[in-house]
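# Remarks on the overall topology
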Amino acid sequence: MMAERESGRGLKRAVVTGASSGIGQASVQALVAKGWQVVGLARREDRLRQLAEDLGGAFTYQVCDVTDEDSAQSAVDAVLKAGPVKALVNCAGGAFGKDPVATSDLDDWRGMYELNVLGTLRMIQKFMPALKKSEGTVLIISSTAGIEPYEGGGGYCASKAAERVMARILRLEMIGQPIRVIDIAPGLVHTDEFSLKRFGGDAAKAEAVYAGVPDPLTAEDIAGCVTWALEQPDTVDIDQIVVRPRAEGSYTKVYRKS
Ligand SMILES: NC(=O)c1ccc[n+]([C@@H]2O[C@H](COP(=O)([O-])OP(=O)(O)OC[C@H]3O[C@@H](n4cnc5c(N)ncnc54)[C@H](OP(=O)(O)O)[C@@H]3O)[C@@H](O)[C@H]2O)c1
């Protein structure tokens, strides 16, 4: 029993960033349903508190801005003070704007790099010593945008490509060490906020992204991939999952009912 606890075998305690909505929230719910203890991180405390009320004792949270060093450090300290961690699921992320490279806003690019690339890197670095102790897993939710660049996707595609490269290089660097690195790259997922934020709150533009697509993926579909990947044996690394709705062959080849 003691050896099990020291090695992390059998431990089911995960940290999920971006837990207050969309894929992160669904991942929290799916992991709790599978018997995990989950700590959710995000900036909006009201949403985290509501989730805690809904899920009971298996879910706790820390308010955390992954782009802010002090905020991230306090959250990590609090999480680790409460116990060991078996998995870090990096869902915090987003897209800002859809302008051409030549005219896009530098601040949008900076925001996406700070959040998607450096925020993810920061959390991985802070949790890595604890994850090594528990034979743990780093999981990154990247995107098919990191595989197939598309017009108007400049900063987002570049940041998601960077996340995928980070996952791949980390995986290589961890060979021989007790860490799994998993990259899940979803295609079109219909979440409530992702496109709304991308288009600065313009609901018509946000809905047009999913218009006519028979069955875009749901946050729960991705949460299913997260739980499945995490629940594989410690010695089985699911390097990459690329998951799209059946109606999407690529970003530019999407079936839409007219
Ligand atoms: N939806 C899609 O089609 C799709 C497809 C492929 C990949 N993805 C990726 O999946 C991830 C989740 O997307 P989603 O669709 O679930 O979007 P979402 O509902 O907008 O979720 C984004 C989450 O990130 C959190 N977040 C944003 N900025 C943060 C910060 N500075 N510090 C901490 N948390 C922060 C948000 O919470 P707070 O605002 O409360 O902080 C929220 O919980 C993203 O990385 C996205 O790029 C999405």
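Residue positions are counted from 1 within each chain, in the order its sequence is given. The predicted nature of this model means local features are confined to residues of pLDDT at least 70 and side-chain atom pairs, given and counted, to a pLDDT of 80 or more, with totals for whole chains, interfaces and linings taken over all residues.

In the annotation of an unreviewed UniProt entry, the entry for the chain reads SDR family oxidoreductase, and the organism field reads Bifidobacterium favimelis. UniProt positions are given in the numbering used here, feature names are shortened, and annotations may be inferred rather than shown by experiment. In its Sequence similarities (unreviewed entry) section, the UniProt entry covering the chain states "Belongs to the short-chain dehydrogenases/reductases (SDR) family."

### A few points about the confidence of the model for the chain
The predicted model of the chain averages 96 in pLDDT, with 97% of residues at 70 or higher. Residue-level confidence of the predictor, termed pLDDT, takes values from 0 up to 100. For every residue pair, C-beta atoms are placed from the backbone, and the pair is scored as a contact if these atoms sit within 7 Å. Of the regions scoring below 50 in pLDDT, residues 1–5 engages in 2 contacts with residues more than four places distant in sequence or in other chains.

### Here's the deal with the environment of Val39
The helix count covers DSSP runs of H or I at least four residues long, the strand count covers runs of E at least two residues long, and both are numbered beginning at the N terminus. Along the polypeptide, Val39 turns up in strand 2 (residues 37–42). Residues Val39 and Leu118 lie 79 residues apart in sequence; the distance between their C-alpha atoms is 21 Å. Dropping the residues within four chain positions of it, Val39 is found in contact with Val15, Thr60, Tyr61, Gln62 and Val79.

### Looking at the nonpolar core
Core analysis: the largest hydrophobic core is formed by 61 residues, its most contacted members being Val15, Leu88, Leu139, Ile222 and Val226. Per element, the largest residue contribution to this core is 7 residues, and it comes from helix 9 (residues 219–230). Not counting residues within four places of it along the chain, the set of residues in contact with Ile222 comprises Ile23, Ala26, Ile184, Pro186, Val189, Leu217 and Val243. We define the nonpolar core as any set of buried residues of the types Ala, Val, Leu, Ile, Met, Phe, Trp, Tyr and Cys, connected via C-beta atoms lying within 7 Å of each other. As a rule, residues whose C-beta atom has 12 or fewer other C-beta atoms within 10 Å are exposed, those with 20 or more are buried, and those in between are partly exposed; C-beta atoms are placed from the backbone.

### Quick look at the site of the ligand
Residues are classed as near a molecule or strand if the C-beta position derived from their backbone is within 6 Å of it. Taken together, 31 residues sit near the ligand, with Gly18, Gly22, Arg43, Arg44 and Gly93 positioned nearest. If you list the elements that add at least two residues to the shell around the ligand, you get helix 2 (22–33), helix 5 (106–133) and helix 7 (194–198). Residue polarity follows a fixed list, in which Ala, Val, Leu, Ile, Met, Phe, Trp, Tyr, Cys and Pro are nonpolar, Asp, Glu, Lys and Arg are charged, and the others, Gly among them, are polar. Considered class by class, the residues forming the shell around the ligand number 14 nonpolar, 12 polar and 5 charged.

### Here we look at the environment of Ser142
Relative to the assigned elements, Ser142 resides in the loop between strand 5 (137–141) and helix 6 (154–173). On the neighbour-count criterion, Ser142 (27 C-beta atoms within 10 Å) is buried. Placed 49 residues apart in sequence, Ser142 and Thr191 show a C-alpha to C-alpha distance of 15 Å. Apart from residues lying up to four places away in sequence, Ser142 is in contact with Lys160, Glu163, Arg164, Ala167, Asp183 and Ala185.

### Some remarks on the sheet that holds strand 6 (residues 180–186)
Across a sheet, strands are paired by hydrogen bonds formed along the backbone, either parallel or antiparallel in direction. Being paired, for any two strands, means DSSP has found at least two bridges between them. Taken in spatial order, the 7 strands make up an open sheet running 3-2-1-4-5-6-7, and their pairing is parallel. Of all strands in the sheet, those bounded by a partner on one side alone are strand 3 (59–63) and strand 7 (240–243). Neighbour-to-neighbour, the strand axes of this sheet turn through a mean angle of 15°, independent of strand direction. Across 5 bridges, the pairing between strand 2 and strand 3 is parallel. Orientation is described by lines fitted to C-alpha atoms, with helices fitted over the stretch in contact, and by angles between N-to-C directions that extend from 0 to 180 degrees.

### Here we look at the pairing of strand 5
In terms of burial, strand 5 is largely enclosed, as 5 of its 5 residues are buried. Both faces of strand 5 are covered, namely the face carrying Thr137, Leu139 and Ile141 and the face carrying Val138 and Ile140. One ladder, built from 4 bridges, connects strand 4 (residues 87–90) with strand 5; its direction is parallel. Looking at strand 5, one finds that Leu88 is bridged to Val138.

### Here we look at the packing of helix 2 against helix 9
Taken N-terminus to C-terminus, the directions of helix 2 and helix 9 make an angle of 55°; their axes are 8 Å apart at the nearest point. Here helix 2 is positioned oblique relative to helix 9, judged by the angle of their axes. Seen from above, helix 2 lies across helix 9 with right-handed handedness. Where helix 2 abuts helix 9, its residues Gly22, Ile23, Gln25, Ala26, Ser27, Gln29, Ala30 and Leu31 lie against Ala219, Glu220, Ile222, Ala223, Gly224, Val226 and Thr227. Angular relationships are summarised with four words: roughly parallel below 35 degrees, roughly antiparallel beyond 145, roughly perpendicular across 65 to 115, and oblique for the angles in between. Crossings are assigned a handedness: left-handed for a near helix turned anticlockwise from the far helix by less than a right angle, right-handed for a clockwise turn.

### Let's talk about helix 5
Along an α-helix, a turn takes 3.6 residues, which lines up residues three or four apart on a common side. Under the 1.5 Å per step criterion, the end-to-end length of helix 5 is 40 Å for 28 residues, consistent within 8% with the ideal 40 Å. At Phe127, helix 5 shows its maximal kink, close to 50°; a proline, Pro129, follows between one and four residues later. Those residues of helix 5 that sit buried are Met112, Leu115, Asn116, Gly119, Thr120, Met123, Lys126, Phe127 and Leu131. Where helix 5 is buried, its residues meet strand 1 (13–17), helix 4 (69–82), strand 4, strand 5 and helix 6. Glu135 sits one or two residues past helix 5 and shows a positive phi near 50°. Multiply 1.5 Å by the residue count of a helix minus one, and that product is the helix's expected span. Note on bend: at a given residue it equals the angle between the axes fitted to the 7 residues ending there and to the 7 starting there.

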